[in-house]
Amino acid sequence: QVQLVESGGGLVQAGASLRLSCAASGRTFSINGMGWFRQAPGKEREFVSAISYSGRSTYYADSVKGRFTISRDNVKNTVYLQMNSLKPEDAAVYYCAANRGGISTTLGVYDYWGQGTQVTVSS
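The structure contained in this document is the topic of the report that follows. (Residues numbered from 1 in each chain as written. Predicted model: local features only at pLDDT ≥ 70, side-chain atom pairs only at ≥ 80, totals over all residues. Heavy atoms only, no water.)

Thoughts on the overall build of the chain
At step 1: If you tally the helices and strands in the chain, you get zero helices and eleven strands.
At step 2: Of the regular secondary structure in the chain, the N- to C-terminal order runs β-β-β-β-β-β-β-β-β-β-β.
At step 3: The C-alpha atoms of the chain give 13 Å as radius of gyration, which agrees with the globular expectation for 123 residues (14 Å, within 12%).
At step 4: Expressed as lengths along the three principal axes of its C-alpha atoms, the size of the chain is roughly 40 × 25 × 25 Å.
At step 5: Looking at the chain as a whole, 42% of its 123 residues are labelled buried.
At step 6: In the chain, of all internal contacts separated by at least 6 residues, the share reaching a separation of at least 24 is 58%. (Helix = DSSP H or I, 4+ residues; strand = E, 2+ residues; numbered from the N terminus. Rg over C-alpha atoms; globule rule 2.2 N^0.38 Å. Buried < 20%, exposed > 50% of the residue type's maximum accessible area, 1.4 Å probe, protein only. Contact = heavy atoms within 4.5 Å.)

So, in structure tokens, the structure goes:
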């Protein structure tokens, strides 16, 4: 089993930045690809970003490309999401996910999920 714990969320003004962190514990050797998803009230959970084990491959949703950057530190078993130029439409609960398989943009293939961290953006 793998446990994922997100942190770094909060309330910020539009245009500000936040960095989310996700720390993995347990059977971390089983983790390959990792990703971030978000869910706003009344909406389905949607893909935000994903990263391969090596960090050499990254994917981004069109809505965040150029503003968000995903990275990981496998020594610390931690994945990050740097969010710049935040917009009100970015407000959501952000979830970290880990996959025994490779990098993926598909929610259904991820094996492990964190509890989520709230990001609120005021206009």
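Alright, that's what it looks like, and here's the rest.
A look at the pattern of salt bridges
At step 1: Under the defined criterion, the tally for this structure stands at four salt bridges.
At step 2: E46 is the partner of R38 in a salt bridge, and the nearest nitrogen-oxygen pair spans 2.7 Å.
At step 3: For R38, a relative accessible area of 5% puts it in the buried group.
At step 4: For R38, the salt bridge is made with D90, and the minimal N-O distance between the two is 3.0 Å. With R38 in strand β4 (residues 34-39) and D90 in the loop between β8 (78-83) and β9 (92-98), the pair connects residues that are 52 residues apart, well separated along the chain. (Salt bridge = Lys/Arg side-chain N within 4 Å of Asp/Glu carboxyl O.)

Thoughts on the sheet that holds strand β3 (residues 18-26)
Whenever strands of a sheet pair, they do so through backbone hydrogen bonds, lying parallel or antiparallel.
At step 1: Pairing is antiparallel across the open sheet formed by four strands, whose spatial order is β1-β3-β8-β7. Pairing within the sheet leaves two strands with one partner each, and these edge strands are β1 (2-7) and β7 (68-73). Recorded for the sheet is a direction-independent mean angle of 15° between the axes of neighbouring strands.
At step 2: Inspection of the sheet shows β1 paired to β3 by six bridges, in the antiparallel sense. Bridge pairing in β3 places S7 opposite S21. (Pairing = 2+ DSSP bridges. Axes fitted to C-alpha atoms, helices over the stretch in contact; angles between N-to-C directions.)

Considerations on the nonpolar core
As a rule of thumb, soluble globular proteins bury nonpolar side chains together.
At step 1: One finds L4, M34, W36, L81, M83 and Y94 to be the most contacted residues of the largest nonpolar core, which totals 32 residues.
At step 2: Among the secondary structure elements, those contributing two or more residues to this core are β1, β3, β4, β5 (46-51), β7, β8, β9 and β11 (117-122).
At step 3: Here the element with the most residues in this core is β9; it accounts for five residues. (Core = buried A, V, L, I, M, F, W, Y, C linked by side-chain atoms within 4.5 Å.)

Remarks on the side chain of S49
At step 1: By secondary structure assignment, the location of S49 is in strand β5.
At step 2: A distance of 2.9 Å separates the side chain of S49 from the backbone oxygen of Y59, its partner in a polar contact.
At step 3: With residues up to four places along the chain from it excluded, the contact list for S49 reads G35, W36, Y59, Y60, I70 and L81. (Polar contact = N/O pair within 3.5 Å; in protein donor to acceptor, adjacent residues only side chain to side chain.)

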